[in-house]
Amino acid sequence: MSRKILVVEDNPDNMKLVTWILEDDHYEVTGVCSGEACLEQVQRDTYDAVLMDISLPGIDGKEATRRLRAMDQFRALPIIALTAHAIKGEDDDIRAAGVTDLITKPLDEDQLLKRLRELMT
Ligand SMILES: [Mg+2]
């Protein structure tokens, strides 16, 4: 069984890129484009990890992460934040929301796959 990853990303080009990287490494990918859709999707299916864009329409990736963490069944779910904000201080804020790890965009394919593997061993 391949591992299932939920990708939360509102930018179609980024979504395409992340999906391509993950599928090429034999992950099964589900993509949603908002935090609200993420919160619905995790109730419909079970995922091994979530890749969470931070800047999203509606609730942002931090708020979506907080809401996931508030539910018992998602306390330990690996959540990797994908963020374009390379601003110091913002990182702490994102980590405080409860993400497991944080990756700065533009995405480095090898780094992403390595972090995912580490989180899911
Ligand atoms: Mg975005």
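Residues numbered from 1 in each chain as written. Predicted model: local features only at pLDDT ≥ 70, side-chain atom pairs only at ≥ 80, totals over all residues.

### Some points on the sheet that holds strand β4 (residues 79-83)
And then number 1: In spatial order, the strands read β2-β1-β3-β4-β5; together these five strands make up an open sheet with parallel pairing. For this open sheet the edge positions go to β2 (28-32) and β5 (101-104), each flanked by a neighbour on one side alone. Within the sheet, the average angular offset between the axes of one strand and its neighbour, ignoring direction, is 20°.
And then number 2: By the bridge criterion, four bridges tie strand β3 (residues 49-53) to β4 in an arrangement that is parallel. When the sheet's bridge partners are listed, Val50 is paired in β4 with Ile79. (Pairing = 2+ DSSP bridges. Helix = DSSP H or I, 4+ residues; strand = E, 2+ residues; numbered from the N terminus. Axes fitted to C-alpha atoms, helices over the stretch in contact; angles between N-to-C directions.)

### Topic: unusual backbone geometry
And then number 1: Residue Pro106 follows Lys105 across a cis peptide bond; omega there is 5°.
And then number 2: Its location among the elements puts Pro106 in the loop between β5 and α5 (109-119).
And then number 3: Look at His26: it is not a glycine, yet its phi comes out positive at around 70°.
And then number 4: In this fold, His26 is placed in the loop between α1 (12-24) and β2.

### Comments concerning the pairing of β3
And then number 1: Among the five residues in β3, five count as buried, and that is most of the element.
And then number 2: Of the two faces of β3, the one holding Ala49, Leu51 and Asp53 and the one holding Val50 and Met52 are both buried throughout.
And then number 3: Note: strand β1 (residues 4-8) against β3, four bridges, orientation parallel. Looking at β3, one finds that Val7 is bridged to Leu51.
And then number 4: Viewed along the sheet, the connection from β3 through helix α3 (residues 61-69) into β4 turns out right-handed. (Buried ≥ 20, exposed ≤ 12 C-beta atoms within 10 Å, placed from the backbone. Right-handed = clockwise from strand over helix to strand, strands pointing away.)

### Describing the nonpolar core
And then number 1: Leu6, Val8, Val50, Leu51 and Met52 are the most contacted members of the largest nonpolar core, which totals 28 residues.
And then number 2: Listing elements by their share of this core, those giving two or more residues are β1, α1, α2 (35-44), β3, α3 and β4.
And then number 3: In this view, Val50 contacts Leu6, Val8, Cys38, Leu77 and Ile79; residues no more than four positions away in its chain are not counted. (Core = buried A, V, L, I, M, F, W, Y, C linked by C-beta atoms within 7 Å. Contact = placed C-beta atoms within 7 Å.)

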